[in-house]
Structures are given as structure tokens and as C-alpha cells.
Amino acid sequence: MRVLGIETSCDETAVAVVEDGRRIRSNLLSSQAHLHERFGGVVPEEAARAHLEAINPMIELALREADTTFAGVDAVAVTVGPGLVGALLVGIAAAKAMALALGVPLIGVNHLEGHIYANFLERDPVEEPFVSFIVSGGHTMLVHVPQPYSYELLGQTLDDAAGEAFDKVARFIGLGFPGGPALDRLAQSGNAHAIRFPRAVTEHVYDFSLSGLKTAVVRYVRAARDKGHEPLAEDLAASFQEAVVEVQVDKTISAAQDKGVRTIVLGGGVVANTRLRALMGEQAKEHGLDLLIPPPELCTDNAAMIACAGYHRLARGERTGFEVGADPSLPLV
Ligand code: KG4
Ligand code: ZN
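Residues numbered from 1 in each chain as written. Chains lettered and ligands numbered in written order. Predicted model: local features only at pLDDT ≥ 70, side-chain atom pairs only at ≥ 80, totals over all residues. Heavy atoms only, no water.

Novice: Quick rundown of the site of ligand 1? Include the residues and the values.
Specialist: Among the 19 residues in the neighbourhood of ligand 1, the closest are listed as Gly137, Asp167, Asp184, Gly269 and Asp301. Contact between ligand 1 and Gly180: an oxygen atom at 3.2 Å from a main-chain N or O atom of the residue. In the model, an oxygen atom of ligand 1 is placed 3.0 Å from a nitrogen or oxygen of the Gly269 main chain. In isolation ligand 1 exposes 550 Å². Once the protein is present, 88% of that is buried. In this structure the site holding ligand 1 corresponds to the largest pocket. Of all the secondary-structure elements, those providing two or more residues to the shell around ligand 1 are helix 4 (111-117), helix 5 (162-172) and helix 6 (180-187). The residue inventory of the shell around ligand 1, partitioned by class, reads 5 nonpolar, 11 polar and 3 charged. Two domains each put at least three residues into the shell around ligand 1: domain 1 (2-119 + 298-315) and domain 2 (128-293). (Near = heavy atom within 4 Å. Polar contact = N/O pair within 3.5 Å; in protein donor to acceptor, adjacent residues only side chain to side chain. Areas by Shrake-Rupley, 256 points an atom, 1.4 Å probe, with all protein chains shown as cover. 1 Å grid on protein atoms, 1.4 Å probe; cavity = no way out; pocket = protein on both sides within 12 Å on 5 of 7 lines; lining within 4 Å. Sits in = over half its atoms within 2 Å of the grid points. Helix = DSSP H or I, 4+ residues; strand = E, 2+ residues; numbered from the N terminus. Nonpolar A, V, L, I, M, F, W, Y, C, P; charged D, E, K, R; others polar. Domains from an automatic or database assignment.)

Novice: Give me helix 7 (residues 211-226): which residues, what numbers.
Specialist: Across its 16 residues, helix 7 extends 23 Å between first and last C-alpha, which sits within 8% of the 22 Å expected from 1.5 Å per residue. Listing the buried residues of helix 7 in full gives Leu213, Lys214, Ala216, Val217, Val221 and Ala224. Viewed end-on, helix 7 has its buried residues packed into an arc of 160°, placing them on one side of the element. Counted as exposed and oriented over 90 degrees from the buried face of helix 7: Arg219, Arg222 and Asp226. The inward-facing, buried residues of helix 7 abut helix 5 and helix 8 (233-259). Positive backbone phi, at 90°, marks Gly228, one or two positions downstream of helix 7. (Expected span 1.5 Å × (residues − 1). Buried < 20%, exposed > 50% of the residue type's maximum accessible area, 1.4 Å probe, protein only. Arc of directions from axis to C-beta. Contact = heavy atoms within 4.5 Å.)

Novice: Could you give an account of the packing of aromatic side chains, naming the residues involved and the relevant values?
Specialist: Summed over all chains, the structure comprises 5 aromatic pairs. Where Tyr117 meets Phe120, the ring centres are 4.2 Å apart and the plane angle is 20°; that geometry is what we call stacked. Measuring from centroid to centroid gives 6.2 Å for Tyr117 and Tyr149, while their planes differ by 10°, and the two rings are stacked. Here the residue Tyr117 occupies a position in helix 4, and Tyr149 occupies one in the loop between strand 7 (140-145) and strand 8 (152-156), the gap between them amounting to 32 residues. Take Tyr117: its relative accessible area is 4%, and that puts it in the buried class. (Phe/Tyr/Trp six-rings, centres within 6.5 Å; stacked < 30°, edge-to-face > 60°.)

Novice: So what's going on with the packing of helix 6 against helix 8? Residues and values would help.
Specialist: Where helix 6 meets helix 8, the closest approach of the two axes is 8 Å, and the angle between their N-to-C directions is 110°. It follows that helix 6 is roughly perpendicular to helix 8 by the angle criterion. Viewed along their axes, helix 6 and helix 8 form a crossing whose handedness is left-handed. Together, Leu183, Asp184, Leu186 and Ala187 of helix 6 and Ala233, Glu234, Ala237, Ala238, Phe240 and Gln241 of helix 8 make up the contact between the two elements. (Axes fitted to C-alpha atoms, helices over the stretch in contact; angles between N-to-C directions. Parallel < 35°, antiparallel > 145°, perpendicular 65-115°, else oblique. Left-handed = near helix turned anticlockwise from the far one by under 90°.)

Novice: Give a description of the coordination of the zinc ion (ligand 2) that names residues and reports values.
Specialist: The zinc ion (ligand 2) binds to the protein through His111 (NE2), His115 (NE2) and Asp301 (OD); the donor distances cover 2.0 to 2.1 Å. The sequence motif formed by the donor residues of the zinc ion (ligand 2) is H-x3-H-x185-D. Of this pair, His115 sits in helix 4 while Asp301 is found in the loop between helix 10 (296-299) and helix 11 (304-315), placing the two residues 186 residues apart along the sequence. According to the relative accessible area criterion, His115 is buried, its value standing at 1%. (Donors = N, O, S within 2.8 Å, 3.2 Å for Na, K, Ca; no water.)

Novice: So what about the domain arrangement of the chain? Which residues, and what values?
Specialist: When its domains are assigned, the chain resolves into domain 1 (2-119 + 298-315) and domain 2 (128-293). Taking only C-alpha atoms into account, the centre of domain 1 sits 27 Å from that of domain 2. Regarding the contact of domain 1 and domain 2, the summed buried area is about 1,600 Å², with carbon and sulfur atoms giving 66% of it. Linking domain 1 to domain 2 there are 0 salt bridges. (Buried area = accessible area lost by both parts, 1.4 Å probe. Salt bridge = Lys/Arg side-chain N within 4 Å of Asp/Glu carboxyl O.)

Novice: Please set out the sheet that holds strand 1 (residues 2-7) residue by residue, giving values where relevant.
Specialist: Ordered in space as 3-2-1-4-5, the 5 strands form an open sheet in which the pairing is mixed. For this open sheet the edge positions go to strand 3 (23-31) and strand 5 (106-110), each flanked by a neighbour on one side alone. With direction set aside, neighbouring strand axes in the sheet form an average angle of 20°. As paired elements, strand 1 and strand 4 (residues 75-81) share 4 bridges and run parallel to each other. Looking at the pairing, Gly5 lines up with Ala77 of strand 4. Each of strand 1, strand 2 (12-19) and strand 3 is contacted by helix 2 (residues 44-65), which is oriented at about 25° to strand 2, the strand it contacts most. (Pairing = 2+ DSSP bridges.)

Novice: Explain the pattern of salt bridges to me, and be specific about the residues and the numbers.
Specialist: Should the charged atoms of two oppositely charged side chains come close, the side chains can pair. By the definition in use, this model includes 15 salt bridges. Taking the shortest distance from any N to any O, the salt bridge between Glu318 and Arg316 comes out at 2.6 Å. The exposure class of Glu318 is partly exposed, given its relative accessible area of 24%. What emerges from the salt-bridge pattern is a single network uniting Arg2, Glu19, Arg23 and Arg25.

Written out as C-alpha cells, the structure reads:
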């Protein structure tokens, strides 16, 4: 079964063709980062307009690259939320039009479920139960998945999502937008123990909070500047990153142990982070846990993960009606 996936929840117009929920035939991305860079963040109206311009050519390109045609599409999967409403609507309208014209099923996908299903691509099926840590520009959450489609929220961020914090700190030290990947690169030549930034303690053990850390970084830089010197950006980046990642890894490992699961599944843009991948890998090994991480290009937003998640829901007989709309705050749990 060949599923065409569409993802337009934020600032990437993504279209993919995935066979049997596993084999990626094409997985294309048109990034709008250049559009939003000068504002230091995604501008919703600009994003929607750019999706509108890109979506049809992207669908045609994805089909061509998959060496197929409209007639070769068996179903259409599309992100219906969470995300920017105007941006989501562009993808949903395109998906509906295609499904209707071709007479094939339509399936709406939760973007966060998509990030989990990125792990099901190009490898053997992932088996529940597992604990999943989803960490992106909009979300930081730990969920227990005892069986397919059963999500128990263990904890989430009380303020900034991790990607958002990476982007803000990166911007503060002059790294552009989105800053996460640039900060990651810079940190690789820094000393993670140069500055001891605070690790937040939350009332609920699996919640996260990053606003204090963000403030600590700003304070540290200002104090240094007041004394007439500029802190070393590499050390600042590495020390900030370490403070974020250390807490994430500790909580994820504890959650897996608490729930008595043997598998940890990561998803979301921040999982592209080199240090998070490395430290989670070390700790999982030490605690005898299996760790599944998508390759970096499947961690950040893409449409293959949407096609994959859609395929699995279609395979159990689910269909989405054509009355479906965008839900900007669609919950996973
Ligand atoms: O999942 P995603 O592509 O979009 C959302 O659903 O939000 O995540 C994007 C976020 C951005 O904040 C970006 O800076 C961050 O993921 N990110 C990273 C890295 N690559 C992307 N953060 C830290 N290190 C990275 N290597
Ligand atoms: Zn995402």
C-alpha cells in the first residue's frame, strides 16, 4: 500500500511517498527558514502563504521522485494538528482534494504521533510497551505507550519547549534561526563543564522547566559583559546544552524504569541533537534498555513519518471524514 503523506504544520512544506508504512520512496522538504529568519521565529501568515505556493509542485515532485503517478497512490495521510492553523489548513485542503479526486481513503494524523512513528520507518516493527520522549520546537513530553494508540502522559514542559529554548539561547548568542542545529555544532568545540548552569527541579518528577536555565544564560552573559569580557560562545553553548540534555536523559531513563518497559523511543526535532543522542545512548546501554532513535533527518519535521503513522491507522481500518478540520492544539493523550 502506497501512502502519500503531507505535513504543513509549521514552516516546512513536506510531501512523501511511503510503501507499506516502511519503505520511503520519496521524502521531500521545502524549508521556509529563510523567510522567517529575519523575524527570529515563524510568522504564521507567511508560513501559510508559502505552503500554498509550494504544496502542488511538492506533491508532483514527490510522486516523480517515487517513480509513480497520482494513479499509484492508495491513500493520503495528512497532519491535522497540533500546529499553526493556517499552515495546517493548506495541507488538509490539498489532501482532501487529492483523496476525493482519486477516490482513495484520507487519514488525519496527529503530528506528535508522527514523530513517534518516524521510528517505524526503514526498520523492523517497533513493539509496545515503550516510553517515548518527544521533544521539538513546540513540545517536550514523556509518554508511556503500553499498547498501540494508548498514550499515558507522564510529564511535559511547564514553560518553554526544549527546541524553543535552544532557538532562543542561540539567537541570544547571535546564531540565527532556527538556532538549535547551529548551537549543537558550536557546542561540539566547547567545554560542557565550563559553566555550571542550574537544573530545574519540578514538583512532578517527569515535568520539565527551562525558563530558569534560559534566564541563567542571559544573566551569565550580562555579568561577564559588565566585567568587560565576552564569554566564550562554544563553552556557553556546550554548558547550556549539557544542562538541558542531562535532565532529559535522567527523566527518560527513570520513566522507563518506573514503567517497567525495556524500550525507549525518541522523536522530534531536538532528537537530532548530537549530545542528546550520545548521552541517551550511553545511559540506555548502562541500564540495559533498548533505544530507538530515528536518523536526524527523520527527527525534524518530515512527511514520511506522517505517511507511516497514517498507514498504521489505515491498516486497522481507520478512515478520516472529509469534514475534518485543523486542530491547532490537538492533544496526543
Ligand atoms: O520537530 P521539529 O522539526 O518541529 C516541531 O515540531 O517543532 O523541531 C524543530 C526544533 C527547532 O526548535 C530546532 O531548533 C530544534 O528542533 N533542533 C535542534 C537540533 N535540530 C533541530 N535542537 C538542538 N540540536 C539540534 N541538532
Ligand atoms: Zn515536529
